[in-house]
Amino acid sequence: MQGKRVIVGVTGGIAAYKAAELVRRLVERGAQVQVVMTAGAQQFVTATTFQALSGRPVRDSLWDVAAEAAMGHIELARWAELIVVAPASADFLARLAHGHADDLLTTLCLATEAPIAVAPAMNRIMWANAATQSNVALLQQRGVQVLGPAAGDQACGETGPGRMLEAVQIADLIAPALQTQGPLSGRRVLITAGPTREALDPVRFISNRSSGKMGYAVAQALREAGAEVVLVSGPVALCAPPGVRRVDVESAQQMTEAVQRELPGTAIFIGAAAVADYRPSECAADKIKKTGDCMQLAMNRTEDIISAVAARADRPFVVGFAAETTAVEQHAREKLLRKNLDLIAANEVGACKAFDCDENALVVLWRGGRRELPSAPKLDLARALVALIAERYSEHPQAANHAAHG
Ligand code: C5P
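Residues numbered from 1 in each chain as written. Predicted model: local features only at pLDDT ≥ 70, side-chain atom pairs only at ≥ 80, totals over all residues. Heavy atoms only, no water.

Visitor: So what's going on with the overall build of the chain? Residues and values would help.
Guide: If you tally the helices and strands in the chain, you get 16 helices and 19 strands. Taking the principal axes of the C-alpha coordinates as reference, the chain spans close to 80 × 50 × 40 Å. A total of 406 residues make up the chain; the buried ones form 49% of that total. Sequence-distant contacts in the chain: of pairs separated by 6 or more residues, those separated by 24 or more amount to 67%. (Helix = DSSP H or I, 4+ residues; strand = E, 2+ residues; numbered from the N terminus. Buried < 20%, exposed > 50% of the residue type's maximum accessible area, 1.4 Å probe, protein only. Contact = heavy atoms within 4.5 Å.)

Visitor: A description of helix H6 (residues 104-111) should follow, citing residues and the corresponding values.
Guide: Judged by how many residues are buried, H6 sits mostly within the fold: 6 of 8 residues are covered. Every buried residue belonging to H6 is among Leu104, Leu105, Thr106, Thr107, Leu108 and Cys109, and all of these are buried.

Visitor: Tell me about the site of the ligand, and name the residues and values.
Guide: As a matter of local geometry, the ligand sits amid 14 residues, with Gly271, Ala273, Glu303, Lys335 and Lys339 nearest to it. One of the backbone N or O atoms of Ile305 is found 3.0 Å from a nitrogen atom in the ligand. Within the contact set of the ligand, an oxygen atom lies 2.3 Å away from a side-chain nitrogen or oxygen of Lys335. Coverage of the ligand by the protein amounts to 87% of the 450 Å² it exposes when considered alone. Among the secondary structure elements, those contributing two or more residues to the shell around the ligand are helix H13 (305-310) and strand E16 (317-324). Residue classes in the shell around the ligand are distributed as 6 nonpolar, 3 polar and 5 charged. (Near = heavy atom within 4 Å. Polar contact = N/O pair within 3.5 Å; in protein donor to acceptor, adjacent residues only side chain to side chain. Areas by Shrake-Rupley, 256 points an atom, 1.4 Å probe, with all protein chains shown as cover. Nonpolar A, V, L, I, M, F, W, Y, C, P; charged D, E, K, R; others polar.)

Visitor: An account of the domain arrangement of the chain is requested, with residue identities and associated values reported.
Guide: Considered domain by domain, the chain is made up of domain 1 (5-178) and domain 2 (188-401). Between domain 1 and domain 2, the C-alpha centre-to-centre distance is 42 Å. (Domains from an automatic or database assignment.)

Visitor: Got a sec to walk through the side chain of Ser61? Specific residues and values, please.
Guide: Positionally, Ser61 belongs in the loop between helix H2 (47-54) and helix H3 (65-70). Residues within four places of Ser61 in sequence aside, it is in contact with Glu68 and Leu104.

Visitor: Before we move on, can you summarise the sheet that holds strand E8 (residues 188-193) with the specific residues and values?
Guide: What the 8 strands build is an open sheet, ordered E12-E11-E8-E13-E16-E17-E18-E19; its pairing is mixed. Where the open sheet ends on each side, the last strands, each with one partner, are strand E12 (245-248) and strand E19 (369-377). Across the sheet, the mean angle separating the axes of adjacent strands is 15° when strand polarity is ignored. Across 7 bridges, the pairing between strand E18 (residues 359-366) and E19 is antiparallel. What sits directly across from Leu365, in E19, is Arg370. Contacting E8, strand E11 (228-233), E12, strand E13 (268-271), E16 and E18, helix H11 (residues 213-224) runs over the sheet at an angle of about 165° to E8. Across the sheet, helix H12 (residues 252-262) touches E8, E11, E12 and E13, and the angle it forms with E8 is around 175°. (Pairing = 2+ DSSP bridges. Axes fitted to C-alpha atoms, helices over the stretch in contact; angles between N-to-C directions.)

Visitor: Can you explain unusual backbone geometry? Please cite residues and give values.
Guide: Pro87 follows Ala86 through a cis peptide bond whose omega is 0°. Each neighbour pair has its own omega, and for Gly148 with Pro149 the value is 5°, a cis peptide bond. Positionally, Pro149 belongs in the loop between strand E5 (145-146) and strand E6 (150-153). For Ala327, which is not glycine, the phi torsion reads 40° and is therefore positive. Residue position: Ala327 is located in the loop between E16 and helix H14 (328-338). By relative accessible area, Ala327 is classed as partly exposed at 39%.

Visitor: How would you explain the nonpolar core if you had to name every residue and give the values?
Guide: In terms of nonpolar packing, the biggest core is built from 37 residues, with Leu184, Ile191, Val218, Leu222, Ile268 and Ile270 touching the most fellow members. For this core, the secondary-structure elements that each account for two or more residues are E8, H11, E11, E13, E16, strand E17 (343-348), E18 and helix H15 (378-394). The residues touching Ile270, leaving out its near neighbours within four places in the chain, are Val189, Leu190, Ile191, Thr192, Val218, Leu222, Val319, Phe321 and Ile389. Formed by 32 residues, the second largest nonpolar core is a distinct cluster that contains Val6, Ala16, Ala41 and Ala119. (Core = buried A, V, L, I, M, F, W, Y, C linked by side-chain atoms within 4.5 Å.)

Visitor: Report on the pattern of salt bridges, specifying residues and quantitative values.
Guide: On inspection of all chains with the given rule, the structure shows 27 salt bridges. Notably, a salt bridge pairs Glu262 with Arg188, separated by 2.9 Å at the nearest N-O pair. With Glu262 in helix H12 and Arg188 in strand E8, this residue pair connects regions lying 74 residues apart in the sequence. Here Glu262 matches Arg188 in class, with each residue buried. Each of the salt bridges in this network shares a partner with another, and the network as a whole consists of Asp91, Arg95, Asp102 and Asp103. (Salt bridge = Lys/Arg side-chain N within 4 Å of Asp/Glu carboxyl O.)

Visitor: Would you mind going over the side chain of Glu198 in detail, with residue names and values included?
Guide: Take Glu198: it is sitting in strand E9 (residues 198-199). Side chain to side chain, Glu198 and Thr196 meet in a polar contact 2.9 Å long.

Visitor: How would you sum up the sheet that holds strand E2 (residues 32-37)? Please name residues and give values.
Guide: If you trace the 5 strands from one edge of the open sheet to the other, you get E2-E1-E3-E4-E5, paired in parallel fashion. Both outer strands of the open sheet, E2 and E5, are each paired with one neighbouring strand and no more. In this sheet, strand E4 (residues 116-120) lies alongside strand E3 (residues 82-88) in parallel orientation, the contact comprising 4 bridges. Along E4, the bridge assignment pairs Val85 with Val118.

Visitor: How would you explain the environment of Asp380 if you had to name every residue and give the values?
Guide: Take Asp380: it is sitting in helix H15. By relative accessible area, Asp380 is classed as partly exposed at 40%. Once the C-alpha coordinates of Asp380 and Val203 are considered, the two residues, 177 residues apart in sequence, prove to be 38 Å apart.

This is how it looks when you write it as structure tokens:
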């Protein structure tokens, strides 16, 4: 699914360097970005930077015959689903407020029906000037979203309001407008990922080789499919995918509690975590000292999180994973039935398979069905799996229930 089409307008100001980071963040969130620079912006940063980050040649002139032949400015104004101008200089805000069309960016803003957001950036006295304030008020009245500015140190050496917001803040503020409609739009999905750590004493724990990569890739694919995603994660060296809310846990017990807390309103639960099956019967208060040649460890079963979710009367659609070293499909089908899952994704794990690898292959099973998803990079595989989950979920009674409640 293609992301939203966004024009990022860059005007002349020192904060133009932050626009490069903004483009990066928007692309990361799946947006298709076309950068449009004013003449002033080109005094601060080069078009090459933006071209590399957006993957599209930068537009900067109304009079560029070749660019206009490829996509005329009226066509470009129609193409845009959102225009965000960052930084927006005092001069640009004035020209926008008064309906000028004396360069490509102002012309696009005048010729579009897409929403417009501006992130002002200027010296604090220029910001406070009555002319600027009245232009901003006028723009707001007309529905232009004004993002910031923040107060603080300024590049000119002064301190006060006028600093452009950081790129991540701008990306967060316009996130609702970037939301694409997908097969899971309006659905809340709760997913567990990564390993758990079961403490033996204050410094030692028992864990496993799960990197969390597959679960995180699935979380990203779910978000791309329009879902609201909550990721309950064991300790991993990964960043949460953009737009995904992460809840950090360590032990199986903490994961159980987080899942119970986050479950209300969940349409689909996915257990991608490699949860410890046993935990040490007790966690020593102090570091355990070495004594004899051999040490016995008493362990107790942990709660099976996914089975507990699937056993509830108000259960969501439940998807499990099965990492197996032998008889993959047979074990997975047995787990599908025993844990009362709606779908299970099985893969073979071993010395160099699946765990901490960037590629994986899956066999997906459900009652009365089966599909093989061949070896692919984890994100591609996750997208294929999410498409299949959405397909199976839509045919399930839970989907109708959640639509009725949602
Ligand atoms: O029984 P096994 O661990 O092989 O089952 C794997 C599936 O069960 C995975 O979806 C995993 O996230 C889930 N699981 C769980 N809680 C446990 C153990 C496994 O949710 N304590």
